[in-house]
Amino acid sequence: MKAPTLPDTSSARKQAIARHFATADDYEQHARIQKQVCHHLLDNIAHTEQKSVLEIGAGTGQMTRLLAANIQSQHWIINELCSERKAILQSILPTAKILIGDAENIQLSTDFNSINPNLIEHSLIVSANAVQWFDKPLKFITQSAQYLQAGGQLVFNTFTPDNFLQIKQLTGQGLHYPAISEWQSALEDAGFEKIELSTQRFDVPFANPYAVLTHMKLTGVSTNQTQEQSNNGKPFTWTKARLKQFEQDYCHYFSESDNNEQYHVNLTYDVLIVSAFKA
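Rules used in this analysis
- Residues numbered from 1 in each chain as written.
- Predicted model: local features only at pLDDT ≥ 70, side-chain atom pairs only at ≥ 80, totals over all residues.
- Heavy atoms only, no water.
- Helix = DSSP H or I, 4+ residues; strand = E, 2+ residues; numbered from the N terminus.
- Buried < 20%, exposed > 50% of the residue type's maximum accessible area, 1.4 Å probe, protein only.
- Contact = heavy atoms within 4.5 Å.
- Areas by Shrake-Rupley, 256 points an atom, 1.4 Å probe, with all protein chains shown as cover.
- Pairing = 2+ DSSP bridges.
- Salt bridge = Lys/Arg side-chain N within 4 Å of Asp/Glu carboxyl O.
- Axes fitted to C-alpha atoms, helices over the stretch in contact; angles between N-to-C directions.
- Parallel < 35°, antiparallel > 145°, perpendicular 65-115°, else oblique.
- Nonpolar A, V, L, I, M, F, W, Y, C, P; charged D, E, K, R; others polar.
- Phe/Tyr/Trp six-rings, centres within 6.5 Å; stacked < 30°, edge-to-face > 60°.
- Expected span 1.5 Å × (residues − 1).
- Left-handed = near helix turned anticlockwise from the far one by under 90°.

Novice: Looking at this structure, I do not really get the overall build of the chain. What am I missing?
Specialist: Counting its secondary structure elements, the chain contains 11 helices and eight strands. The buried share among the 279 residues of the chain stands at 50%. Within the chain, residue pairs in contact and separated by at least 24 positions form 74% of the contacts whose partners lie at least 6 positions apart. Carbon and sulfur atoms make up 48% of the accessible area of the chain, which amounts to about 13,500 Å² in all.

Novice: Please explain the pairing of strand β8 (residues 263-278) as it appears in this structure.
Specialist: Sheet faces and side chains relate simply in a regular strand, where the side chains alternate between the two faces. For β8, the tally of buried residues reaches 15 of 16 residues, placing the bulk of the element in the interior. Two elements, strand β6 (residues 192-206) and β8, share 13 bridges in a ladder whose sense is antiparallel. Bridging from a neighbouring strand, Ser198 pairs with Ile273 of β8. For strand β7 (residues 255-257) and β8, the ladder comprises three bridges, and the chain directions are antiparallel. Across the sheet, residue Ser255 finds its bridge partner in β8, namely Val265.

Novice: What is the right way to look at the pattern of salt bridges in this model?
Specialist: Two side chains bearing opposite charge may form a pair once their charged atoms approach each other closely. If you walk through the whole model with that rule in mind, you get one salt bridge. A salt bridge links Arg201 to Asp203; the shortest N-O distance between them is 3.3 Å. Exposure remark for Arg201: the relative accessible area of 49% places this residue in the partly exposed category. Take Asp203: its relative accessible area is 38%, and that puts it in the partly exposed class.

Novice: How should the packing of helix α10 (residues 209-218) against helix α11 (residues 240-254) be read in this particular structure?
Specialist: For any two helices packed against each other, the geometry is given by the interaxial angle and the distance between the axes. Across the interface, α10 lies against α11 with an axial gap of 9 Å and an inter-helix angle of 110°. Judged by the angle between their axes, α10 and α11 are roughly perpendicular. Counting all contacts with α10, which are made through Pro209, Tyr210, Val212 and Leu213, the residues of α11 involved are Leu243, Phe246, Glu247, Tyr250 and Cys251. In terms of residue class, the contact of α10 with α11 is built from eight nonpolar, no polar and one charged.

Novice: Is there a simple way to think about the packing of aromatic side chains in this case?
Specialist: Aromatic ring pairs are reported here in terms of the distance separating the ring centres and the angle at which the planes meet. All told, the structure shown has 11 aromatic pairs when counted by the stated rule. Geometrically, the ring pair formed by Phe134 and Phe140 is edge-to-face, given 5.6 Å between the ring centres and 85° between the ring planes. The exposure class of Phe140 is buried, given its relative accessible area of 2%. Consider the rings of Tyr250 and Phe254, whose centres lie 5.4 Å apart with planes at 70°: the pair is edge-to-face.

Novice: Help me understand helix α3 (residues 32-44), please; the structure alone is not making it clear to me.
Specialist: Since there are 3.6 residues in each turn of an α-helix, residues three or four apart along the chain are aligned in direction. With 13 residues, α3 extends 19 Å between its outermost C-alpha atoms, agreeing within 8% with the 18 Å of an ideal straight helix rising 1.5 Å per residue. Inspection of α3 places Ile33, Gln34, Val37, Cys38, Leu41 and Leu42 among the buried residues, and these make up the whole buried set.

Novice: Sorry if this is basic, but what is going on with the environment of Val37 here?
Specialist: Locating Val37 in the fold gives a position in helix α3. Residues contacting Val37, with those up to four places away along its chain left out, are Asn129, Asn157 and Val271.

Novice: Would you take a moment to explain unusual backbone geometry for this structure?
Specialist: For residues that are not glycine, phi is negative in most cases, and the peptide bond is trans in most cases. For Asn129, which is not glycine, the phi torsion reads 55° and is therefore positive. On the basis of relative accessible area, Asn129 is assigned to the buried category, the value being 11%. Within the chain, Lys194 stands out as a residue other than glycine whose phi angle is a positive 50°. On the secondary structure map, Lys194 appears in strand β6.

Novice: Please explain the packing of α3 against helix α4 (residues 62-70) as it appears in this structure.
Specialist: Look at α3 against α4: their axes get within 9 Å of each other, and the N-to-C directions meet at 35°. Here α3 runs over α4; the crossing is right-handed. From α3, Gln34, Lys35, Cys38, His39, Leu41 and Leu42 reach across to α4, where they touch Gln62, Met63, Leu66 and Asn70. Its residues assigned to classes, the contact of α3 with α4 comprises five nonpolar, four polar and one charged.

And the structure:
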């Protein structure tokens, strides 16, 4: 089954992200926190029987597998930015329509109608570990309101401004994460009700700062791709001197010891989980 493909209107940053995730072959092995987040999202889904489910930014299919095993739906549409992932997503849900392209550029009048004009409104929209990569993440709320039927549920996660706080403090690099209050306002303005926002903090231990950077790379995150420019207007790049200073500072500010007096450093994931219903 050939996956419908959206016109390539994504930004250069999005195209770089797509290339980076396309080569993150060890993602499943190292994305332990992302997997836990998917289970939290599943727990927040109100009904196991749905009319139509739309998943945004399916990636390697972590959330897709959980949906396939636990949710029954008459119709499925699975969106993903990277065309390299369409085969695995189709294998997880053979009856699903796989929509390849930038979710921020989906147009109701063309993209969904080209699949099935009766599937414009969904009973459930889910997105796991994807919205933070949007150019305008808060617009995901108004976009989702357009796609949901009355009473339909939106369940997704993003991250708070405290996410990867160690990296931000030491390098000045990182994605911009809207505050929780901004998400609350966006949901209310879009007409959502029964709004629930909760946070989950994970302090993940690593043997040393270099292991932190390796983990980020293996899960599709690159510190020199999360922010367009550094303070001097040039793209952020690692040098031997910068890496050495980073390692020294990381150990100085963020090292801890366990009960066996073994030292480690932490990387903080600060997750925001959102559930809301269209009025």
